[in-house]
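Structural description and commentary
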Amino acid sequence: MSMVDFKPDSRYVSSTEPSVPWYENLPAVAMDYKVHIDPGKEDCYFQYVNPGATFYVSFQVVRGGDGMAGFAVRNPTGQIVHPYQWKPNSEYQDQSSTGGYYSVCIDNQFSKFAAKLVNIYLTVVRYDLWEQYTKDVDELNMNMENFTSTIVGVERNINEMLQFQHRTRAREAWDMNLLTANNNYVVRWSIIQILVIAGTTIVQVYFVRKLFDVNSGSGFSKTRI
């Protein structure tokens, strides 16, 4: 019997290396969330940031209670880079991250009865990928430095515009909820005042009519003047 060497096909051999989610290799990632925070609770969210990438996060309390909540950011080493502050909105940006998972925590522990609706906006931008694209182009003997620098500038401007649009949308949502709450307050108190005025008027008419009723004779019959 002849011996045959067997070599396993690498396509069918499972790797022990941890897989990286597909979106973590993109040049830029932007995420917009609206989360509900129960009273007296704290919720934390984690976002992977590639080494050297720019990380930006902002939060805005849309509605609930006094319109404020705590906001903190921890870097991948666990250090608090944005300490807790009880504010209606806040933001944090790291221009050059060391890489790893950032922790973004929303704290509503000071509010014992009111839940909060919070808007969270996250972006991770890897400007170093544009440099890699430049190297790839140079290998093809193509001079695209001006084009690449223009693309990088456009990418930066687009990222700033997205951040500005997010802040504008969050402020618009906050103003809309404030107008709705004020309208409900005015309508509710107007109805209460109308009912109070109507009740007062009925009582006054009743007692004025009673003033013109007199007793006659020894009986209890009444005559009206």
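Note that the structure is predicted; figures quoted are calculated from it, not measured.

1. Quick word on a nonpolar patch on the surface
A surface patch of nonpolar side chains, about 480 Å² in accessible area, is lined by Tyr185, Val186, Trp189, Ile192 and Val196. Position of Trp189 among the secondary structure elements: in helix H2 (residues 145-211). Accessibility expressed as a relative area gives 41% for Trp189, which makes it partly exposed.

2. Some details on the UniProt feature "transmembrane region" (unreviewed entry) in the protein
Within the UniProt annotation, "transmembrane region" (unreviewed entry) is assigned to residues 186-208. Counted over residues 186-208, helix gives 100% and strand 0%. Its end C-alpha atoms are 33 Å apart.

3. A closer look at the nonpolar core
Core analysis: the biggest nonpolar cluster contains 21 residues, and Phe55, Val57, Ile106 and Val118 have the highest contact counts within it. Elements that contribute at least two residues to this core include exactly strand E1 (28-37), strand E3 (54-63), strand E4 (69-74), strand E8 (100-107) and strand E9 (116-125).

4. Overview of the environment of Gln79
Assignment of secondary structure puts Gln79 in the loop between E4 and strand E5 (80-82). The spatial distance from the C-alpha of Gln79 to the C-alpha of Tyr102 is 9.8 Å, given a sequence separation of 23 residues.

5. Here we look at the pattern of salt bridges
Under the criterion given, the structure shown has four salt bridges. The partner of Asp66 in a salt bridge is Lys116, with the nearest N and O atoms 3.3 Å apart. Of this pair, Asp66 sits in the loop between E3 and E4 while Lys116 sits in strand E9; the two residues are 50 residues apart in sequence, bridging distant segments of the chain. The closest approach of N and O atoms between Arg171 and Asp175, which form a salt bridge, is 3.6 Å.

6. Some thoughts on the sheet that holds E9
One open sheet accounts for four strands, arranged E1-E9-E3-E7; its pairing is antiparallel. Strands at the two margins of the open sheet, each flanked by one partner only, are E1 and strand E7 (89-94). Between one strand axis and the next, the sheet turns by 10° as a mean value, whatever way the strands run. Pairing between E1 and E9: 10 bridges, direction antiparallel. Bridge assignment links Lys34 to a residue of E9, and that residue is Asn119.

7. As for the state of the cysteines
Using the criterion set out here, one finds one disulfide in the structure. A sulfur-sulfur distance of 2.0 Å marks the disulfide that ties Cys44 to Cys105. Because the torsion about its S-S bond is 105°, the bridge between Cys44 and Cys105 counts as right-handed. Note that Cys44 is positioned in strand E2 (residues 42-49) and Cys105 in strand E8, a separation of 61 residues in sequence. For Cys44, a relative accessible area of 34% puts it in the partly exposed group. In this structure Cys105 comes out as buried when scored by relative accessible area, which is 0%.

How each quantity is defined
Residues numbered from 1 in each chain as written. Predicted model: local features only at pLDDT ≥ 70, side-chain atom pairs only at ≥ 80, totals over all residues. Heavy atoms only, no water. Patch = residues over 30% accessible without salt bridge, like charges linked within 9 Å, V, L, I, M, F, W, Y side chains within 5 Å. Areas by Shrake-Rupley, 256 points an atom, 1.4 Å probe, with all protein chains shown as cover. Salt bridge = Lys/Arg side-chain N within 4 Å of Asp/Glu carboxyl O. Helix = DSSP H or I, 4+ residues; strand = E, 2+ residues; numbered from the N terminus. Buried < 20%, exposed > 50% of the residue type's maximum accessible area, 1.4 Å probe, protein only. UniProt positions renumbered as here; feature names shortened; annotations may be inferred. Core = buried A, V, L, I, M, F, W, Y, C linked by side-chain atoms within 4.5 Å. Pairing = 2+ DSSP bridges. Axes fitted to C-alpha atoms, helices over the stretch in contact; angles between N-to-C directions. Disulfide = S-S within 2.5 Å.

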